[in-house]
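# Structure assessment
Given next are the chains, with one letter for each unit.
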Amino acid sequence: METLYIIDAYAQFFRAYHAIRAPMTSPVTKEPTNMTFGFVGSLLKLLRGDTPNMLSAGGSPTYLVVATDVSGDLGTFRSQLYPDYKAHRPPAPVDLEPQVERCTQILETMGVPILGAEGFEADDAIATLVDQARARGVRVRIISKDKDLKQLFDAASPDAVELYDPKDDSVENARTLMEDTGLTPPQVIDMLALMGDTVDNVPGVPGVGPKTASQLIAQYGTLHDLLERAEEIKGKRGEAIRETAPALPLSRELVTLRHDTPVTLDLDAARTSGLDLRAILPILRDMGFNTHQRTARELLGEDVDAPDAPSPRNERAFEHMPSASNPAAAPAKNSASRGSALGTLFESVPDPTGVHAVAAQDGEYRCVRTRADLDELLAELRTCKDESRPFAFDTETTDLHPRRALLAGISIATRAGAGWYVPVRSPEPESHLSEQVVLDALRDFFEDASLPKRAHNAKYDMLVLRQAGVMVRGVGTHEGSCDSMIASFLVDASRSSHGLDALAKALLDRTNIPISDLIGSGKNQRTFDQVPLTSATPYAAEDADVTLRLCDILMPQVRAMGLSPLLYDLEMPLIEVLAEMEWNGIRVDPDVLEAQRAALAERAEALRNQIIAEAERRVARSFNPDSPKQLAGVLFNASDDDERGLGLKPVKQRKTGPSTDEEVLTKLSEDPLIETTIPALMLEYRELTKLVNTYLESLKHEILPDTGRIHTSFHQTGAATGRLSSSDPNLQNIPIRTDVGRQIRRAFVAEPGCTLITADYSQIELRILAHLSEDPGLIDAFIAGEDIHAAVAGEVHGIDAKDVTREQRAGAKMVNFGIVYGITPFGLARRLGVSNTEAEEIITRYKKRFARITTFLAECVEHARAKGYVRTMLGRRRPVPDIDSNVPNRRAFAERIAINSVVQGSAADLIKLAMVDLHRRLAPSAAHWREGAPPEIEGVRMLLQIHDELVFESPEPVAKDALALVKSRMESAMSLRVPLVADAACSRNWYEGK
């Protein structure tokens, strides 16, 4: 049987490094070689394939690939989920990374595919490659001892996926896993979550190691079941499990390998028969690896006793390689993190504070300390102005929140490969100019709208400089300007990260200096103004330099893809809009929040007591309403059980027993044959406790004392559809489905003398769907201004709209809203409480009556299949990589993405157009000032964008005119085949505006 061997690169690098600790150096380059020697030896042993366990599997590998990390320890989606993930790992030894680069070069020279993806770890790439290999009937052996990879074993076919250790020729698989732990492969994930990982900083249960974790999971089946029955576990172990239970779902997510890593297994490229061993012989010779040369020549079938043919040193193989004799040949910039595969790109310099400093080697990076230095920079900027040539800028600060941050310094780059850092706060203030002197000198350049500027996440830097008294203009108003983060998002919205470091690695093959090398981490972390200038300068100047380079790469791609109008007419101008909104914030009354919190907490406690009393009255026993297990017992146990229950029929079953989730409680509460009020009371109780704990408590802490307002952050790259997202806090998640949730909006108020204006697009995605599909039935209903759901129900059922029943309208509404999300008969049946057959009939009639919609949806899928992406009305692209997946679930999900992205993405573009237009007409700091024209209505400020809704604050005397302007401009933001409708209102608080 054909066998694919996958080498876990860094696992083997570290293992080889620690296996040979005696110093070894190349006789030619003088570089360290102990790790390289060990790794190459294991590689050649693997290719020889003559050990007993390899011979039993067919001998040497049929195929060979290497999986590697490309994002570093802190650059993956796991770090986004949990910032402390791997955050405390010590830096790699300084002599490791040059050897990593050498091993990488050897692998590439041989022709071994090296696979990895930004934002994912090597283990995720391995999981995906295993799936792809197994789909082609290829056996897999993973060269690693990593326990996380045991979740990839196959219990049904133990020999199909194995961990193999060349050192001792040992094999682990699903069979040995069961023998050693009593677990199946899926249970490994739960075991890992339970025990945690101190090396990767994954939280677990204190005192629970591998043996105990295995026993507990083997006993209870799953982590979920274990937590539901945690009260059964006695003693300190039980206490520890219950105390850490809230963190364990996150731990489980962290240890679960992803199977959707964007890597592709090319078996032809991975075939070992095509490897070029002869090409590495000169490298092995210069490394001084005589034994490995003999092995390689044996594998080539050559006479190893023949004399070596004379050959000059392979200069190409050693080009740009670091060496003790030629340090200048070392690569330009990198970190010593595990994520770097290309070597150390900066060197250590003394730092009396104890955090090691860095100095860039490939950039002409200067620190502006004196007036003479500053005059040189100003002369460079004047050249940019004269030539209308862009400059890139970046800020260093003391805080991530721009309204709380103090400016530490400004970096500027006017040409690739060079940069300036102008400090204004540092541990050595006497050695540089003051903030006032610096800002007064640079102000004209930053505030000149005719001078194009480039930045990465420009919105943050604009807000920081505004806080310091400088209004940045020329970002988003000039075609030479660029935000490299936004440009990257438009070019490829599917990137796992659009961060500066990730893009530098992906597009420039460059590893930037990690910020942790300067400020540390954890409790010992310091702010940037405490970093010595010898370290701060290369780090800061590099950011501006890299930003300039990235824009030079990305802007031609934007033009080639036809995305220039989207970038310069929408996304770049939107940066200024969002910066203004974040600066404005929205006033929040903490007294209202506290009053709501107290009232809801009191109501929740009353409900809790009422639930307990109802249980005591009906089953003569008390229970804890916060325990799903105990609640299930009360509802579903029989009346003659030891723990008496109401004997209700379970709606859904889990391994541990009947479910008590929201869907179950809703069905029970709506069943007229069930007399108990416990389900309905539990639904309200759970909602109230979530509101108190998740929103009312946390929102108070987000109010900025200086302004009395919450200044949320809006993100243009947060959703692949183009929709905006928000954080710190996430106001888009404030509940609006129930009135008690909407009541939170009462705390969001207007300033005295002002009123809030709320404007919300009506049924915007349906209107977009009608326009794009050109379906006459849907278009006619919107043009006539009918109740769209009743009109659709009438068409579906062949009756007049006025005769439609409430149930028929509900069904049509559910299909209307769900059609672009790929609603299924099962999903519709569950939502409507009807049979699957009835739900299928509703969907079938809908698609038959609105045939143009069905055709349009199919066209979206076919476009994705033909092009690999879909486009919105304004040309925004979203890649759909799984559209031809062999896995049905992935393919179906990709088809839903293809449809949804076109409609929802076009709706997102629409509201952005309205925001840019209204900003130009209303904002006092926007384009009209630059053009010498005042805003159309004085004093009106845009505050929030929540999905399809905009919130403004207006002085009361002009509120009526402002409302009319907002409604008019929103309804004319695009020209569609159906009318756009924006419902708008004035109110004292956000709640009353809806």
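Residues numbered from 1 in each chain as written. Predicted model: local features only at pLDDT ≥ 70, side-chain atom pairs only at ≥ 80, totals over all residues. Heavy atoms only, no water.

As a further point, take the sheet that holds strand 15 (residues 586-588). Strand order in the open sheet made by the 4 strands is 18-19-15-22, with antiparallel pairing throughout. Every interior strand has two partners, whereas the edge strands, strand 18 (703-704) and strand 22 (748-749), have only one. Where strand 15 meets strand 22, 2 bridges bridge the pair, whose relative direction is antiparallel. The residue bridging Arg587 from the neighbouring strand is Val749, located in strand 22. (Pairing = 2+ DSSP bridges. Helix = DSSP H or I, 4+ residues; strand = E, 2+ residues; numbered from the N terminus.)

Attention shifts here to the side chain of Ser885. Looking at the secondary structure, you find Ser885 in the loop between strand 25 (877-879) and helix 37 (888-922). On the accessibility criterion, Ser885 (14% relative accessible area) is buried. Not counting the four nearest positions on each side in its chain, Ser885 is found in contact with Arg890 and Arg891. (Buried < 20%, exposed > 50% of the residue type's maximum accessible area, 1.4 Å probe, protein only. Contact = heavy atoms within 4.5 Å.)

So, on to the confidence of the model for the protein chain. Per-residue confidence for the protein chain gives a mean pLDDT of 85; residues scoring 70 or more make up 92%. Across the protein chain, element-level confidence peaks in strand 11 (residues 407-413) with a mean pLDDT of 97 and bottoms out in strand 7 (residues 346-349) with 28. In the model, residues 306-361 has pLDDT below 50 throughout and makes 152 contacts with residues more than four positions away in sequence or in other chains. Taken as a whole, residues 926-932 scores under 50 in pLDDT and shows 16 contacts with residues more than four places along the chain or in a different chain. (pLDDT = per-residue confidence, 0-100.)

On to the packing of helix 2 (residues 34-48) against helix 15 (residues 290-299). The N-to-C vectors of helix 2 and helix 15 enclose an angle of 20°; their axes lie 10 Å apart at closest approach. As judged from the angle between their axes, helix 2 and helix 15 are roughly parallel. As helix 2 packs across helix 15, the resulting crossing turns out to be left-handed. Each of Phe37, Val40, Gly41, Leu44, Leu47 and Arg48 in helix 2 lies in contact with helix 15, whose residues at this interface are His292, Thr295, Ala296, Glu298 and Leu299. (Axes fitted to C-alpha atoms, helices over the stretch in contact; angles between N-to-C directions. Parallel < 35°, antiparallel > 145°, perpendicular 65-115°, else oblique. Left-handed = near helix turned anticlockwise from the far one by under 90°.)

What follows concerns the packing of aromatic side chains. We describe a pair of aromatic rings using the distance from one ring centre to the other and the angle between the two ring planes. All told, the structure shown has 13 aromatic pairs when counted by the stated rule. Ring centres of Tyr5 and Tyr164 lie 6.0 Å apart, and the angle between their planes is 90°; this geometry places the pair in the edge-to-face category. Here Tyr5 is found in strand 1 (residues 3-8), whereas its partner Tyr164 is found in strand 5 (residues 161-165), with 159 residues between them in sequence. By the burial criterion, Tyr5 is buried, and Tyr164 matches it. For the ring pair Phe391 and Phe446, a centre distance of 5.7 Å and an interplane angle of 80° mean the geometry is edge-to-face. Taken together, the positions of Phe391 in strand 10 (residues 391-397) and Phe446 in helix 18 (residues 435-447) put the pair 55 residues apart, joining distant regions of the chain. The same class applies to Phe391 as to Phe446, namely buried. (Phe/Tyr/Trp six-rings, centres within 6.5 Å; stacked < 30°, edge-to-face > 60°.)

Glancing now at the pattern of salt bridges. Summed over all chains, the structure comprises 64 salt bridges. For Arg618, the salt bridge identified is with Glu675, shortest N-O distance 3.9 Å. Here Arg618, found in helix 25 (residues 590-619), pairs with Glu675, found in the loop between helix 27 (662-670) and helix 28 (678-701); they are 57 residues apart in sequence, far enough to count as distant. Since its relative accessible area comes to 65%, Glu675 is described here as exposed. (Salt bridge = Lys/Arg side-chain N within 4 Å of Asp/Glu carboxyl O.)

Structurally, the position occupied by Leu115 is in strand 3 (residues 114-115). For Leu115, the contacting residues outside a window of four places in its chain are Val65, Val66, Ala67, Thr68, Leu129, Val263 and Thr264.

An α-helical turn contains 3.6 residues, so any two residues separated by three or four positions project in the same direction. Among all positions in helix 15, only His292, Gln293, Thr295, Ala296 and Arg297 are buried. Looking at the packing, one finds that the buried side of helix 15 touches helix 2 and helix 14 (281-287).

At the junction of Asp728 and Pro729, the peptide bond is cis and its omega measures out at 0° in the coordinates. Take Pro729: it is sitting in the loop between strand 21 (725-727) and helix 29 (739-742). Backbone geometry at Asp509 places phi at a positive 55°, although glycine is not the residue there. Even without glycine at this site, Asp728 takes up a positive phi of about 55°. Note that Asp728 resides in the loop between strand 21 and helix 29.

So, on to the sheet that holds strand 27 (residues 949-955). Spatially, 26-27-23-28 is the arrangement adopted by the 4 strands of the open sheet, whose pairing is antiparallel. The open sheet has two edge strands, strand 26 (941-946) and strand 28 (982-987), and neither has a second partner. Averaged over all neighbouring strand pairs, the angle between strand axes comes to 20°, with direction disregarded. Where helix 37 meets the sheet, its contacts fall on strand 23 (754-761), strand 26 and strand 27, and the angle it forms with strand 27 comes to roughly 15°.

Compared with an ideal rise of 1.5 Å per residue, which puts 16 residues at 22 Å, helix 17 (residues 371-386) spans 22 Å between its outermost C-alpha atoms and is within 8% of the ideal. Buried residues of helix 17: Asp373, Leu374, Leu377, Leu378, Leu381 and Cys384, and no others. Here the buried residues of helix 17 occupy an arc of 135° about the axis, which is enough to place them on one side. In this structure, the buried side of helix 17 is in contact with strand 9 (364-367), strand 10, strand 11, strand 12 (418-423) and helix 18. A positive backbone phi angle near 50° is found at Ser388, which sits one or two residues after helix 17. (Expected span 1.5 Å × (residues − 1). Arc of directions from axis to C-beta.)

A few words on the packing of helix 19 (residues 458-467) against helix 24 (residues 564-584). Following both chains from N to C, one finds helix 19 and helix 24 inclined at 50°, their axes separated by 9 Å at the closest point. Classified by the angle between their axes, helix 19 and helix 24 sit oblique to one another. For the crossing formed where helix 19 meets helix 24, the hand is right-handed. The segment helix 19 lies against helix 24, with Ala458, Lys459, Met462, Leu463, Arg466 and Gln467 engaging Ile575, Glu576, Leu578, Ala579, Glu580, Glu582 and Trp583. Partitioned by chemical class, the residues of the contact of helix 19 with helix 24 number 7 nonpolar, 1 polar and 5 charged. (Nonpolar A, V, L, I, M, F, W, Y, C, P; charged D, E, K, R; others polar.)

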